[in-house]
Amino acid sequence: MKPECLLISAVVLFSLLISAACNNADDDFESQWGKCSDYTYLDDSAQCRTFSVPLNYDEPLGQHIDISAFRYLGTADNKEGQIWFLEGGPGGSGRLLSRAMLRVAMYYPDFDFYSLDHRGVGLSTRLGCSGDNDIGDDWESYQECYSDIFEIWRDRIKEFSTTNAARDLHEVIARSRQGGKKTFIWATSYGTYWLLRYLQIYPDKVDGVILDSICTPGECYLDRYDRWNDMVGRQFLELCRSDPVCNEKMKAIAEDPSQAVELVFRLLDQEHLPSECNFMFTREELRHVLSQLLNNWSTRVLIPPLIYRLYRCSDEDQEVINFFRQNLQAVAIDKTLLNSPMLCDLISLSELFGGSTSAELQEFLEVAHFSEDVSFRFAEIYESGLWNFYQDEIYAQKLPDTDIPMLMLNGTTDPQTPIEIAGKMKVHFTGEYQHFITIPYATHGVLINSPITPPNWAFGGEDQTCGSLLFGQFIHDPKGPLDTSCIETVYPVDFDPETMNNKLVSEKTTMSYQQEFRQIGMDLSNQLGHQDWID
């Protein structure tokens, strides 16, 4: 778009007005934060604010939309600054990070913690329809939802882009900064893609950034998502093979764990498993369940015992598997409308789709053991021609040039943004204060999923993770030396049947066992909701 001279003048005037407001309204800034109108996912100590920003930044006097933000104030008397948290997705609400923010704020009370809803999501102006979180595979309802959205936005739908979300982030931070205080940004998953876009446009506006589980431009294509899951799943089974207990159990089925999983899938296809176990899962359902267990630090160790019990299929096994199915519902419908699956599809298909065909992906799914079938869905929607996609030839699939301090973290067992796609970051960002750290055994979201003690952290314990320790060093001294010794003590994958998370592998079916396992299910459900960190 090429603005006329008059519009250029308006842009300059608009910028001056914002600058003046930012420089002279500290008191007003504080007065606009207050009680939240909706505390969904938030603690009652949260404060909220809505910012008005241009729908199209080339037309600053045109239509505006809302950007919703919230914060938790640190409890220390003297604050060092503020840290902004960016959720993933695309389409995930910043409110899903509330639990993680509160946990980290407990360790670092000398900072204030902020987050916002990406444009099109949550309590920001939302791109969606009333039933879009409940559509599932109903193609007719999906088309109707898209028609409703297009009727409202027409060609302005392209303004709900990553680039404009990066401009929103700049505006919100600029209008929230306090003089002399540091500002950092932490991001996870698609949030890292969003943050890297911000750094393309504003390479030196903050004191440092932390990229956690990195969606690397030019490498992070969501039509490869299921292939990544299956690849990391097979790597996980190699950890089982190297564990004496796990490997011994799997040898009752086949020579190694990978062959054991393959055999169970083949027997399931042929209905040759014992008894009722042929009808507990379809191939599609089983690969979905294994993928979703794999994505969670606490539940991935249930994969080998689930396969073992399906193969053995005693009466007791059937009882336990049925209990498992009842209590580990992998996907819960989001009735809050905080997430936006339609924004997810717009950005994913416009910027994060690499061109795989549905036929190619269907062929892959016929042999996959770990998959949520996300990639296949994207390919089908892309091929339908329904969406009015946008193109961003200036910024898409490029990395920023910046020398600001950076902490880049990625786990070695992350199925969503595997270490294999993050390596480009290490090669590109080689500044003196730019650190790329590989975290062994960590899954998606290193800040949470890199415990250095037995994994009670996810169940209410107060021990820090390696990710949170590195986070703390960086925000307090982004140009100082970084002690990475915690990576040597990250808790390994533990197949011990006596640990709390591994009760499924034991022979217990007592009431106390069921209560413990139900708690695991509750925590998994919470993490899946919180962790569209996720996706």
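Residues numbered from 1 in each chain as written. Predicted model: local features only at pLDDT ≥ 70, side-chain atom pairs only at ≥ 80, totals over all residues. Heavy atoms only, no water.

Student: Which parts of the structure should I look at to understand the confidence of the model for the protein?
Tutor: Segments scoring low in pLDDT should not have their predicted coordinates read at a detailed level. Model confidence for the protein is summarised by a mean pLDDT of 86, while 84% of its residues fall at 70 or above. Residue range residues 1-27 is modelled with pLDDT below 50. Its contacts to residues more than four positions away, or to other chains, number 18 contacts. (pLDDT = per-residue confidence, 0-100. Contact = heavy atoms within 4.5 Å.)

Student: Is there a simple way to think about a negative patch on the surface in this case?
Tutor: Judged by side-chain charge, Asp 137, Asp 138, Glu 140, Glu 144, Asp 148, Glu 284, Glu 285, Glu 360, Glu 363, Glu 366, Glu 380 and Glu 383 come together as a negatively charged surface patch. Mapped onto the negative patch, the elements with two or more residues apiece are helix H4 (139-153), helix H10 (283-294), helix H14 (358-365) and helix H15 (374-384). A total of three residues in the negative patch trace back to one element, the largest contributor, which is H4. Mapping Glu 284 onto the fold places it in helix H10. With a relative accessible area of 41%, Glu 284 lands in the partly exposed category. (Patch = residues over 30% accessible without salt bridge, like charges linked within 9 Å, V, L, I, M, F, W, Y side chains within 5 Å. Areas by Shrake-Rupley, 256 points an atom, 1.4 Å probe, with all protein chains shown as cover. Salt bridge = Lys/Arg side-chain N within 4 Å of Asp/Glu carboxyl O. Lys, Arg positive; Asp, Glu negative; His and termini not counted. Charge placed at Lys NZ, Arg CZ, Asp CG, Glu CD. Helix = DSSP H or I, 4+ residues; strand = E, 2+ residues; numbered from the N terminus. Buried < 20%, exposed > 50% of the residue type's maximum accessible area, 1.4 Å probe, protein only.)

Student: What am I meant to see in the packing of aromatic side chains here?
Tutor: Remark: the centre distance and the inter-plane angle together describe each pair of aromatic rings, the angle taken between the planes. Scanning all chains against the criterion turns up 21 aromatic pairs. Arranged with centres 5.9 Å apart and planes meeting at 80 degrees, the rings of Phe 70 and Tyr 72 form a pair that is edge-to-face. Arranged with centres 5.8 Å apart and planes meeting at 65 degrees, the rings of Phe 85 and Phe 113 form a pair that is edge-to-face. Here Phe 85 is found in strand E3 (residues 81-86), whereas its partner Phe 113 is found in strand E4 (residues 111-116), with 28 residues between them in sequence. Just as Phe 85 is buried, Phe 113 falls in that class too. Three or more aromatic residues joined by ring pairs form one cluster here, namely Phe 85, Tyr 107, Tyr 108, Phe 113, Trp 186 and Phe 471. Over the ring of Phe 281 we find Arg 325, and its NZ or CZ is 5.8 Å from the ring centre. (Phe/Tyr/Trp six-rings, centres within 6.5 Å; stacked < 30°, edge-to-face > 60°. Lys NZ or Arg CZ within 6 Å of the ring centre and 35° of its normal.)

Student: Explain unusual backbone geometry to me, please; I cannot follow it from the model alone.
Tutor: Generally, phi is negative for residues other than glycine and the peptide bonds are trans, each holding for most cases. A cis amide bond links Gly 89 with the next residue in sequence, Pro 90, at an omega value of -5 degrees. Considering the arrangement of structural elements, one finds Pro 90 in the loop between E3 and helix H3 (98-107). In this structure, Ser 213 takes a positive phi of about 65 degrees despite not being glycine. Secondary-structure assignment places Ser 213 in strand E6 (residues 208-214). With a phi angle near 70 degrees, Tyr 441 is a residue other than glycine that sits in the positive phi range.

Student: What exactly am I supposed to notice about the sheet that holds strand E2 (residues 64-72) here?
Tutor: Sheet architecture is open: eight strands sit in the order E1-E2-E4-E3-E5-E6-E7-E8, paired in mixed fashion. Among the strands making up the open sheet, the edge pair consists of strand E1 (47-54) and strand E8 (434-439). With direction set aside, neighbouring strand axes in the sheet form an average angle of 20 degrees. Sheet topology note: the E1/E2 ladder contains eight bridges and is antiparallel. In the strand pairing of E2, Thr 50 is matched with Ser 68. Seen against the sheet, helix H6 (residues 190-201) touches E3, E4, strand E5 (182-189), E6 and strand E7 (406-411) and runs at an angle of roughly 135 degrees to E5. (Pairing = 2+ DSSP bridges. Axes fitted to C-alpha atoms, helices over the stretch in contact; angles between N-to-C directions.)

Student: Whenever I open this one, helix H17 (residues 466-476) confuses me. Can you help?
Tutor: Working note: α-helix, 3.6 residues per turn, so residues spaced by three or four point in the same direction. By the criterion of burial, H17 is predominantly enclosed, with eight of the eleven residues buried. Among the residues making up H17, those that are buried are Cys 466, Gly 467, Ser 468, Leu 470, Phe 471, Gly 472, Phe 474 and Ile 475.

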